[in-house]
Amino acid sequence: MAAKVDFERLISRIQEKGVTQSFLCSLAGKKRQYISDVRKGHGSISEEALAIFAKALDTTVEWLTGESDQKEVAKPIPEEVLVDAIIMGRDGKTIRRKYPKEELDTLYRLLDLLPHTDEEL
């Protein structure tokens, strides 16, 4: 099945990422001039090839087809940068969560800004 591609977006993303059209075509198992040929009206880009292009360009198929304005793919936080933390919820119960180290550092800085008191609330 063929996908409708926004070639302006595809070409601009290729340039942003510093790769070549030939490189993307080879990843998808297509001939070197595949993208150029389709752009000139000879054939169409398959959904499989478009998915490979999107992954290689760190974007989504929806962005490449113009269905979405979300250009960047949200990357999961690697497990090794997460820190276990136990925080006190509003209801007084403790909550165990994993936070990225930067977020935990920000939480500590916020706590340092709060007025310190020995009095119970």
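Our subject is the structure that appears above.
This is a predicted model, so every value here is computed, not measured.

(A) Fine view of a nonpolar patch on the surface. A surface patch of nonpolar side chains, amounting to about 240 Å² of accessible area, comprises Phe-23, Leu-27 and Ile-52. Position of Leu-27 relative to the elements: it lies in helix 2 (residues 21-27).

(B) Examining helix 1 (residues 7-17) more closely. Burial in helix 1 covers these residues: Phe-7, Arg-9, Leu-10, Ile-11, Arg-13 and Ile-14. Looking at the buried residues of helix 1, the elements they touch are helix 2, helix 3 (34-39), strand 2 (45-46), helix 4 (47-56) and helix 5 (61-65). For helix 1, the N-terminal cap is Asp-6; the gap from its side-chain oxygen to the backbone nitrogen of Glu-8 is 3.1 Å. Looking one or two places after helix 1, you find Gly-18, whose phi comes out positive at around 70°.

(C) Up close: the nonpolar core. Core analysis: the biggest nonpolar cluster contains 19 residues, and Leu-10, Tyr-34, Ile-35, Ile-45 and Phe-53 have the highest contact counts within it. When residues of this core are traced back to their parent elements, those giving at least two are helix 1, helix 2, helix 3, helix 4 and helix 5. In contact with Leu-10, other than residues within four places in its own chain, are Val-5, Ile-35, Ile-45, Phe-53, Leu-57 and Leu-64.

(D) Highlighting unusual backbone geometry. Unusually for a residue other than glycine, Asp-58 sits at a positive phi of about 55°. Within the fold, Asp-58 resides in the loop between helix 4 and helix 5.

Rules used throughout
- Residues numbered from 1 in each chain as written.
- Predicted model: local features only at pLDDT ≥ 70, side-chain atom pairs only at ≥ 80, totals over all residues.
- Heavy atoms only, no water.
- Patch = residues over 30% accessible without salt bridge, like charges linked within 9 Å, V, L, I, M, F, W, Y side chains within 5 Å.
- Areas by Shrake-Rupley, 256 points an atom, 1.4 Å probe, with all protein chains shown as cover.
- Salt bridge = Lys/Arg side-chain N within 4 Å of Asp/Glu carboxyl O.
- Helix = DSSP H or I, 4+ residues; strand = E, 2+ residues; numbered from the N terminus.
- Buried < 20%, exposed > 50% of the residue type's maximum accessible area, 1.4 Å probe, protein only.
- Contact = heavy atoms within 4.5 Å.
- Polar contact = N/O pair within 3.5 Å; in protein donor to acceptor, adjacent residues only side chain to side chain.
- Core = buried A, V, L, I, M, F, W, Y, C linked by side-chain atoms within 4.5 Å.

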